Amino acid sequence: MFSLLRSMAITFLHLFSKRETIQYPEERVPLHPRWRGRIVLTRDPDMGERCVGCYLCAAACPVDCISLQATEDEQGRRYPEFFRINFSRCIFCGYCEEACPTYAIQLLPDFEMAEYNRQNLVYEKEDLLIDSQGKYPGYNYYKVAGVDSGIKPKGGGTNENPPVDIHQILP
Amino acid sequence: MTEPYHYLLMIVLVLFTLTSVAALLIWVERRLLALWQDRCGPNRAGPLGLFIVAADTLKLFFKEDWIPPFADKRIFVVAPAIVAATVLLSFVVVPFAPNLLIADLHIGLLFFLAMSSMGVYSIVLGGWASNNKYSLLGALRGAAQMISYEVFMGLSLMGVVMLSGSFRLTDIVLAQQDYWFIFTQPLGFIIFLIAGVAETHRLPFDIPEAESELVAGFHAEYSGMKFGMFFIGEYLGITLISAMLTTLFLGGWLGPVLPPILWFILKTSAFIVLFILLRASLPRPRYDQLLEYGWKILLPLSLINLLVTGAISLLTS
Amino acid sequence: MAQIHIDKESYDVKNGKNLLETCLSLGYQLPYFCWHPALNSVGACRQCAIKVFKDEKDTRGRIVMACVEPVSDGLHLSVADPEASAFRSQNIEWLMTNHPHDCAVCDEGGSCHLQDMTVMTGHAYRRFQYPKRTHHNQYLGPLVHHEMNRCIQCYRCVRFYKDYAGGKDLDVFAAHDHVYFGRAKEGILESEFSGNLAEVCPTGVFTDKTLHTHYTRKWDLTMAPSVCQHCSLGCNIIAGERYGSLRSITNRYHEAVNGYFLCDRGRYGYEFVNHPSRIQHPNVRGRQVSGKELYTTLQDLLTSKNWIGVGSPRASLEANFALRKLVGDQNFYQGVSKVEADLLQRILHMTHSGQIHQPSLQEIEQADLVLILGEDPTHSAPRMALSIRQAVRNIPLQQTASTHIPAWHDVAQREYIQDTKGPLYIAYPVASKLDELASYTLHDHPDVLAAFGFDLAQAIGDDPLGDQNEPTLLRNIAEALLKAERPLIVTGTSLISHNILEAAWAIAMALKHQNKNASLSFILPSCNSAGLAYMEAEPLEVLMKSAKQNGISGAIVLENDLYRHYDALELDQFFESLEDIIVLDHLEQPTTAQATVTLPAATFAETSGTLVNNEGRVQSFYQVYMPKNEDIRPSWQWLTELYQIKIGLTPDLLYPSTPLLEELAASLPQFAGIGAHAPTFGLNGQKIPREPHRYSGRTAMLAHIAVSEPRPDQDELSPFSFTMEGSRGFPPPPLTPYYWSPGWNSNQALNKYQIEVGGALAGRHAEVNLFAMASTIPYPTKKGGVNQSQSVIQNATTHTFELLPITHIFGSEELSGYGDAISKLAPAPYFAINKQEASRLSLQPGVDIHLRIGKQTYPLTVQIGQELPAGCAAIPYNIPPLTGITWPAQGTLIPTTP
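Rules and cut-offs
Residues numbered from 1 in each chain as written. Chains lettered and ligands numbered in written order. Predicted model: local features only at pLDDT ≥ 70, side-chain atom pairs only at ≥ 80, totals over all residues. Heavy atoms only, no water. Helix = DSSP H or I, 4+ residues; strand = E, 2+ residues; numbered from the N terminus. Rg over C-alpha atoms; globule rule 2.2 N^0.38 Å. Buried < 20%, exposed > 50% of the residue type's maximum accessible area, 1.4 Å probe, protein only. Contact = heavy atoms within 4.5 Å. Lys, Arg positive; Asp, Glu negative; His and termini not counted. Charge placed at Lys NZ, Arg CZ, Asp CG, Glu CD. Salt bridge = Lys/Arg side-chain N within 4 Å of Asp/Glu carboxyl O. Polar contact = N/O pair within 3.5 Å; in protein donor to acceptor, adjacent residues only side chain to side chain. Patch = residues over 30% accessible without salt bridge, like charges linked within 9 Å, V, L, I, M, F, W, Y side chains within 5 Å. Areas by Shrake-Rupley, 256 points an atom, 1.4 Å probe, with all protein chains shown as cover. Buried area = accessible area lost by both parts, 1.4 Å probe. Nonpolar A, V, L, I, M, F, W, Y, C, P; charged D, E, K, R; others polar. Pairing = 2+ DSSP bridges. Axes fitted to C-alpha atoms, helices over the stretch in contact; angles between N-to-C directions. Phe/Tyr/Trp six-rings, centres within 6.5 Å; stacked < 30°, edge-to-face > 60°. Left-handed = near helix turned anticlockwise from the far one by under 90°.

Colleague: Can you help me understand the overall build of chain A in this one?
Modeller: Of the regular secondary structure elements, chain A holds five helices and six strands. Expected size for 171 residues packed as a compact globule is a radius of gyration near 16 Å; at 25 Å, chain A overshoots this value by more than 25%. Considering only C-alpha atoms, chain A reaches an extent of 100 × 40 × 30 Å along its principal axes. Looking at chain A residue by residue over its 171 residues, the buried ones come to 44%. Sequence-distant contacts, at least 24 apart, represent 65% of the contacts inside chain A between residues at least 6 apart. Charge centroids of chain A, computed over 19 positive and 23 negative side chains, lie 7 Å from each other.

Colleague: Would you take a moment to explain the pattern of salt bridges for this structure?
Modeller: It is possible for side chains of opposite charge to pair when their charged atoms get near one another. All names here are of chain C. Taken as a whole and judged by the stated rule, the model has 65 salt bridges over all chains. A salt bridge links Arg764 to Glu255, with the nearest nitrogen and oxygen atoms 2.9 Å apart. With a gap of 509 residues between them, Arg764 in the loop between β29 (720-721) and α24 (770-773) and Glu255 in the loop between β13 (245-251) and α7 (264-268) connect regions that are remote in the sequence. With respect to burial, Arg764 and Glu255 carry one shared label: buried. Three or more residues joined by partner-sharing salt bridges are found here, namely Arg159, Asp163, Arg393, Asp410 and Arg414.

Colleague: I tried to follow the side chain of Thr723 of chain C on my own but got confused; where do I start?
Modeller: Residue and element names in this part refer to chain C. The residue Thr723 is located in the loop between β29 and α24 in this model. The exposure class assigned to Thr723 is buried, which follows from its relative accessible area of 14%. Polar contacts involving the side chain of Thr723 include one to the side chain of Glu725, which spans 2.8 Å. Setting aside residues up to four positions removed in sequence, Thr723 forms contacts with Pro689, Arg690, Glu691 and Pro712.

Colleague: Which parts of the structure should I look at to understand a nonpolar patch on the surface?
Modeller: Residues and elements named next belong to chain B. Judged by side-chain polarity, Val257, Leu258, Leu262, Ile265 and Leu266 come together as a nonpolar surface patch covering roughly 470 Å² of accessible area. Counting through the fold element by element, Leu262 comes out in helix α11 (residues 260-281). On the basis of relative accessibility, which here comes to 37%, the residue Leu262 falls in the partly exposed class.

Colleague: Can you help me understand the arrangement of the chains in this one?
Modeller: The protein chains that touch form two pairs of chains, and the pair with the most contacts between them is chains A and C. These two, chain B and chain C, are apart from each other, with no contact and a minimum C-alpha gap of 20 Å.

Colleague: Please clarify how the interface of chain B and chain A should be interpreted in this entry.
Modeller: How big an interface is tends to be reported as the loss of accessible area on association of its parts. Taken together, the contacts link 14 residues of chain B with 16 residues of chain A. Carbon and sulfur atoms make up 59% of the area that chain B and chain A hide from each other, which totals about 1400 Å². On the chain B side of the contact with chain A, Trp36, Asp38 and Arg44 of chain B bury the most area, a combined 43% of that side's loss. Arg44 of chain B is the partner of Glu26 of chain A in a salt bridge, and the nearest nitrogen-oxygen pair spans 3.0 Å. In this assembly, chain B and chain A are joined by ten residue pairs in polar contact (both at pLDDT 80 or more). The set of elements that each furnish at least two residues to the side of chain B that touches chain A consists of α1 (4-36) and α11 of chain B. Looking at side-chain class alone, the side of chain B that touches chain A contains nine nonpolar, two polar and three charged residues.

Colleague: What exactly am I supposed to notice about the interface of chain C and chain A here?
Modeller: The interface of chain C with chain A comprises 51 residues on the first partner and 46 residues on the second. Roughly 3700 Å² of surface becomes buried between chain C and chain A when both sides are summed, with 50% attributable to carbon and sulfur atoms. Connecting chain C to chain A are four salt bridges. Residues Lys154 of chain A and Glu147 of chain C are paired through a salt bridge, measuring 2.8 Å at the closest nitrogen-oxygen approach.

Colleague: Sorry if this is basic, but what is going on with the sheet that holds strand β22 (residues 519-523) of chain C here?
Modeller: Picture the strands of a sheet paired through backbone hydrogen bonds; they go either parallel or antiparallel. Residues and elements named next belong to chain C. Pairing is parallel across the open sheet formed by five strands, whose spatial order is β20-β19-β18-β21-β22. What marks the edges here is a single partner per strand, and that holds for β20 (440-442) and β22. Taken over all neighbouring pairs, the strand axes of this sheet differ in orientation by 15° on average, direction set aside. One ladder, built from four bridges, connects strand β18 (residues 369-373) with strand β19 (residues 424-427); its direction is parallel. If you follow Leu371 over to β19, its bridge partner there is Tyr425. The strands that helix α17 (residues 498-513) touches are β18, β21 (487-492) and β22; relative to β21, the one it contacts most, it runs at about 165°.

Colleague: So what exactly am I meant to see when it comes to the packing of aromatic side chains here?
Modeller: Aromatic ring pairs are defined here through the distance separating the ring centres and the angle between the ring planes. Evaluation of the coordinates by the stated rule reveals 44 aromatic pairs over all chains. With a centroid separation of 5.5 Å and 70° between ring planes, the pair formed by Phe189 of chain B and Phe249 of chain B is classed as edge-to-face. One end of the pair, Phe189 of chain B, is in helix α8 (residues 186-199); the other, Phe249 of chain B, is in helix α10 (residues 224-249), and 60 residues separate them in sequence. The buried category is assigned to Phe189 of chain B, whose relative accessible area is 11%. Ring plane angle 35° and centroid distance 4.6 Å describe the contact between Phe160 of chain C and Phe261 of chain C, whose orientation is recorded as tilted.

Colleague: For this particular structure, what's the right way to read the sheet that holds strand β3 (residues 78-86) of chain A?
Modeller: All names here are of chain A. Across the sheet, which stays open at both edges, the three strands sit in the order β2-β3-β5 with antiparallel pairing between neighbours. Across the chains shown, the open sheet's two edge strands, defined by having one partner strand only, are β2 (66-72) and β5 (122-123). As paired elements, β3 and β5 share two bridges and run antiparallel to each other. Its bridge partner lying in β5, Asn86 is registered against Val122.

Colleague: Honestly, the packing of α1 of chain B against helix α2 (residues 52-62) of chain B in this entry has me stumped. Any pointers?
Modeller: Helix packing for two helices is described by the angle between their axes and how far apart those axes are. Residue and element names in this part refer to chain B. Here α1 crosses α2 at 115°, and the two axes come no closer than 8 Å. Judged by the twist between their axes, the crossing of α1 over α2 is right-handed. Two secondary-structure elements touch here, α1 through Ala23, Leu24, Ile26, Trp27 and Arg30 and α2 through Ile52, Val53 and Asp56. Looking at the contact of α1 with α2, its residues break down into six nonpolar, no polar and two charged.

This is the structure in structure tokens:
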């Protein structure tokens, strides 16, 4: 019985304690420097799309909110025909960035994406591509990959020997 | 005083006031709960967030008024009306201030007890008509709770009746000129307070709803304004019990300096706040604990109270 | 049985196996590259290292390669030994030194054996600092993509391509670190089985080029077990879909049918499903109609006329039966010409006689003598040609049984037999690819081939073994046939010759009389030819006659282009005589052009159905995905709806189809018991998911249309769900939608689905074979000579030639011919005659001529086919524009005005 009264009293006294609520959007929580929000697609140093459409981000996504279709230009360079992320489903876990083997997906501090219409939360490639290399300046996946897609000839990449001449008999 | 237009005026005034109060309670409750939980509560719409009341009402009106295909349609529609109607009817006998009441029945207290226990019909019918197992369970709990608590609710008030010698509520108020009955009937007050909480199905005695076990109990299938009626009915119930507590134990409108109606409002408000504080601080007991508590503790206590009161008044008279 | 001890655990295992297969069968995770259950061991990759101990007490042991070490009784070995696993992990590190950083853009990624094995050994970080060797790629045609940098030199490709499939143009060049797998010169791969390189290659050197154009990872495909629709063998396939289009076909193992490999027509023929000329909406007299209007139109049509139904050899049993039910059994006709129907009827007679065994492809591989009469399996049933190649190779291999060379020791066996081949006899009008393996080939007019067959039967009947006369060629072959344990005769319908069929039958019967267990395999024209023939309906000729007589004014044509079976002019006239023609099909084709009402029919990937293959095996293919729009419906559904409309149900009362197979079995006794071939329910009381557990993009793939996700498609009729939800595990083989096992993402996860590696799939309950169930009616053997057709042989003065239909793997089959890749490989329509005839008519190869067949004229290009008999000309069978011909046919050269 006493405990009931005591808990009532304690509850009542909370009337005078400090409010925990932060009055967003007037007040804002200071974001930590390493805060990561939504994703963007970056470009490589010669401003080509970094995304090669490998589907790893889609596979890593725990809410399955990324879908894309890989396609290829005449020179054999892979890029996404479409790259769609449904931000109304995104949980900002950042797994897609971790999975991305080409540094195409990088994260922005932006998380304030409220919309009156849910449909506006569906971002296509055009909405995601930025004209920047993001935090990996100078990296170009096709320079280190083995395929020739018009970026470098066979054997012309980083840490590659020139192509083998199979007709020569020297060891 | 006896003219029909006066009655009409009173009825309109009381009805309007009560519905406004009930609506305002939406804001009051949310705000108070928030404050006790170190939050702010509704503070966006209008000054102090007061317009939340209008927004909430509008929302209720515009919600889809859905009647499940499996429900017993007529009863389903009638049930929410009963709760609001019975509570409003009880207010007929509540003396807000001298000459500020609708009907000064000489069996006012009995009328109140009769009307307030009618409210359980709405729960039982609503739960039954929903044709949903959770609703039915909620309704059964509501009925059991009502039967248990109705008994000593009446008994706890008999002390007051004995002391004042009348069932007429104005008489009871006037009998408290010297001292409030809360001092002579502390046990009766506490029992009535507990029974009152149970009567209005407020936390911690919201067993018929118990959303953590029964989704929303008897009104699980209700939406729109039908749900709104249950909602309003609950707030009206709080106001009624608070008003009755004021009338029966706290000397009603009596008080120094301030006008009587203000005293009445102040005292009632205090009880309303107490109701909300109960919700904020106490956990819900188990169903069997609730019944056990009622039958094994509160009923004997109220009987003893009655016995002692009777003995003392015999001795003093 | 032998007892071996692996890591102190004892197992009873089969003798005659190598340790790698044994360990894998026992469930040990042992990485490997060069070994393949069908290609056996060479010990090239050094990956499957284990430690073998002298005895129980030996603690040092020695590292050996499990794939070249035989099982022996009392053997102690360790898989988990630290030195052995360090060896494996270092080996893969070396194999990976030159492997490019390509996984993100590599089509193999996600179903890559190299990835799986790398993860299995734990090699995760590149320590090798030096440059990688690189290679140039080659263009290998429209089917296979080449990316040589990724090679790990396991030699599987050449071992499959050269040794197993008999290809000549893919080889290994250069030496040591420079080893190169490719062609001597860039160009289209010649083998009909080149697509298997994509599955055989453990990494991404060879990948599926058609998949490349609409690339999807394996984990993103919605897959269902299916059956190939492009020839009569009924190879098992897995079809995968993404974003509403069919993406790829991969092999689905069936120990008795296709085993590990498919032909290129089967693998790449799927592209017609995504063809732009797919019929999308119902069309009534040139106008797109739907809903209520379509219903009333159809109701008017169906109730006001007498209808006949034309079935199809490429439609499922269900669809054909639904049509038969709609029009009534008297009005149901086979959509093939009389000669084709008669041939099939005769084949059914033969198979029903119970006299002769119909071999599965697996049994064909075990044959010790093969005689091909009037067929070119490489083109008419390509997967069978691969089996025949194995048979020819297996025969000398049996001699090694007496040596100490174990059966799995590929190199040693090959060394031992050198170039010896088993007996293979081929009789076919033109040279074929299998000729290179043949002990004897005969190229001549079909009737001459048939006569050869009858003579051979005669020779067998005369018992050449006891004959003391001078041995002739015929007697030699007869002798060989009699000496063989399991002789196999392959024949079929592709030359459209009764005589050929009878001759093959005569040989088989003659062998039977000599108490020889010969088997006879028939190659049929289409995937469900046998099923349609079983329905016992009349052919097109009878249809046209009776339509004229009985005042029929409407025809319903089911998934069939009649112009591929019958004379174009006569068909035109027939269609003109009708008031209304309803055609159900996938694609716009000549018959749909004649239709007054076209209804879009779902392809094999969009519906389920049942087929009967050339050996009478009943197999079901299952719906992979929902068609693009609601107007595209399975034919059986359209036809059932038409039936319901006809009996007066209003649109709101139409109900989904009844179990048609059960009805079929009930109304046609020859199909009794047909439903037992595959379970109709899922696994553990749940549906079997079509999507792997790693399926991605569910909440985004349709978000551009509406952000609220639609309810997933429901599948009430099949044991599968269209989602990832359902029971995982090992479904029974006919219901396996894909192969996956923890740590095994590539198709080599198949190992886990087999009872023992390389053997039968686990959990197969029943198989239904209509031929085997047939009653054994004794059938009189037909003796005697050849019914000479009205041939113009030897008539070397006219411009008229008897035409021989030459089937081609690419182009001759209708649906696959619509595919992008396959249509590129189809031969241009040619007119082949021998040199003498060419010089008589002074025609040069490459010259364009006009040939009149019936009343039609076709532009063709002259080719020289030296082996062709005089008076005969070969033209490709049913390669557009060479359709609309009633076979057998003659053609007259039209002199071109200069």
